[in-house]
Amino acid sequence: MLNLPLGQLAFMNPWILTGLLALPLLWFLLRVFPPAPRLIRLPGAWLLEGLIPDEQTTSKTPWWLILLRSVLAALILVALAQPVVNPAQSLGISGNMRLVIENGWDAGQTWNRQIQVAEHLLDQAGRDKREIYILTTAPDPGQAEPSQQGPMTVAQTRTILRGLKPRAWPADAPAAAL
């Protein structure tokens, strides 16, 4: 069982939750206008004419079915609002984000930590809906200067980030600083 205080819950699209105000209207409409019964014509139905059925169809939808449908509609609305448990603070910057990845020969020792930090920053940038640039400090094979890519979405940046590896030559920090 999850023990979550409500203070740690945030919604990415909170305006969708206003649809919850329509649930009483949905309850009323389902209560007043139940679904129409299906009419199925059977070839031998003339044999059954005049018989009195043991069970009568109600003119109202059962309360438990209305409750089930209303709860389902509420859960769909809450899911569309994209709840986030314990949302991280905003990056505190405005504009686009530039990730500078040290990928020279000496970055191999801290490579996993760099990627973890970059993934965490990408999560926050995705919540803020920012465009991202990636700058590597070691040039790609056959290139004279470090590469810069962007603007990209978070998904595109994750793909490129997973493909990066430390290079076997030193970083060119002065060229990356420009």
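Refer to the structure printed above.
Residues numbered from 1 in each chain as written. Predicted model: local features only at pLDDT ≥ 70, side-chain atom pairs only at ≥ 80, totals over all residues. Heavy atoms only, no water.

S.K.: Account for the overall build of the protein chain, naming residues and giving values.
M.R.: For the protein chain, the helix and strand inventory stands at five helices and five strands. Overall, the protein chain shows an N-to-C arrangement of helices and strands of β-α-α-β-β-α-β-β-α-α. A burial count over the protein chain gives 25% of its 178 residues as buried. Accessible surface, the protein chain: about 13200 Å² in total, of which carbon and sulfur atoms supply 62%. (Helix = DSSP H or I, 4+ residues; strand = E, 2+ residues; numbered from the N terminus. Buried < 20%, exposed > 50% of the residue type's maximum accessible area, 1.4 Å probe, protein only. Areas by Shrake-Rupley, 256 points an atom, 1.4 Å probe, with all protein chains shown as cover.)

S.K.: Pulling in residues and values, what's your account of the packing of helix α1 (residues 23-32) against helix α2 (residues 63-80)?
M.R.: Where α1 meets α2, the closest approach of the two axes is 10 Å, and the angle between their N-to-C directions is 150 degrees. Here α1 runs over α2; the crossing is right-handed. Touching L23, L26, W27, L30 and R31 of α1 are W63, I66, L67, R69, S70, A73 and A74, all from α2. Among the residues making up the contact of α1 with α2, the classes are represented as nine nonpolar, one polar and two charged. (Axes fitted to C-alpha atoms, helices over the stretch in contact; angles between N-to-C directions. Left-handed = near helix turned anticlockwise from the far one by under 90°. Contact = heavy atoms within 4.5 Å. Nonpolar A, V, L, I, M, F, W, Y, C, P; charged D, E, K, R; others polar.)

S.K.: Provide a residue-level description of the nonpolar core, including the pertinent values.
M.R.: Judged by nonpolar contacts, the single largest core of 15 residues is most densely connected at L99, I101, L122, I132 and L161. Residue assignment for this core shows that the elements contributing at least two residues are β3 (97-101), α3 (111-128), β4 (132-136) and α4 (154-163). Here the element with the most residues in this core is α3; it accounts for five residues. Sequence-distant contacts of I132, that is, excluding residues within four places in its chain, are made with M97, L99, L122, A125, Q149, G150, P151, M152, V154 and T157. (Core = buried A, V, L, I, M, F, W, Y, C linked by side-chain atoms within 4.5 Å.)

S.K.: Summarise the pattern of salt bridges; cite the residues concerned and give the values.
M.R.: Scanning the entire structure with this criterion turns up two salt bridges. Between R158 and E119 there is a salt bridge, with its nearest N and O atoms 2.3 Å apart. Placement of the pair is R158 in helix α4 and E119 in helix α3, with a sequence separation of 39 residues. For R158, a relative accessible area of 18% translates into the label buried. For the salt bridge of D123 with R158, the shortest nitrogen-to-oxygen distance reads 2.4 Å. Taken together, the positions of D123 in helix α3 and R158 in helix α4 put the pair 35 residues apart, joining distant regions of the chain. Here the salt bridges share partners, and the residues they tie into one network are E119, D123 and R158. (Salt bridge = Lys/Arg side-chain N within 4 Å of Asp/Glu carboxyl O.)

S.K.: Could you give an account of the sheet that holds β4, with specific residues and numbers?
M.R.: Pairing in this open sheet of three strands is mixed, and the strands run β3-β4-β5 from one edge to the other. A strand with exactly one partner marks an edge of an open sheet, and here the two such strands are β3 and β5 (148-152). Here the strands of the sheet are splayed against their neighbours by 15 degrees on average, with no regard to which way each runs. When β3 meets β4, the two strands line up parallel, connected through five bridges. (Pairing = 2+ DSSP bridges.)

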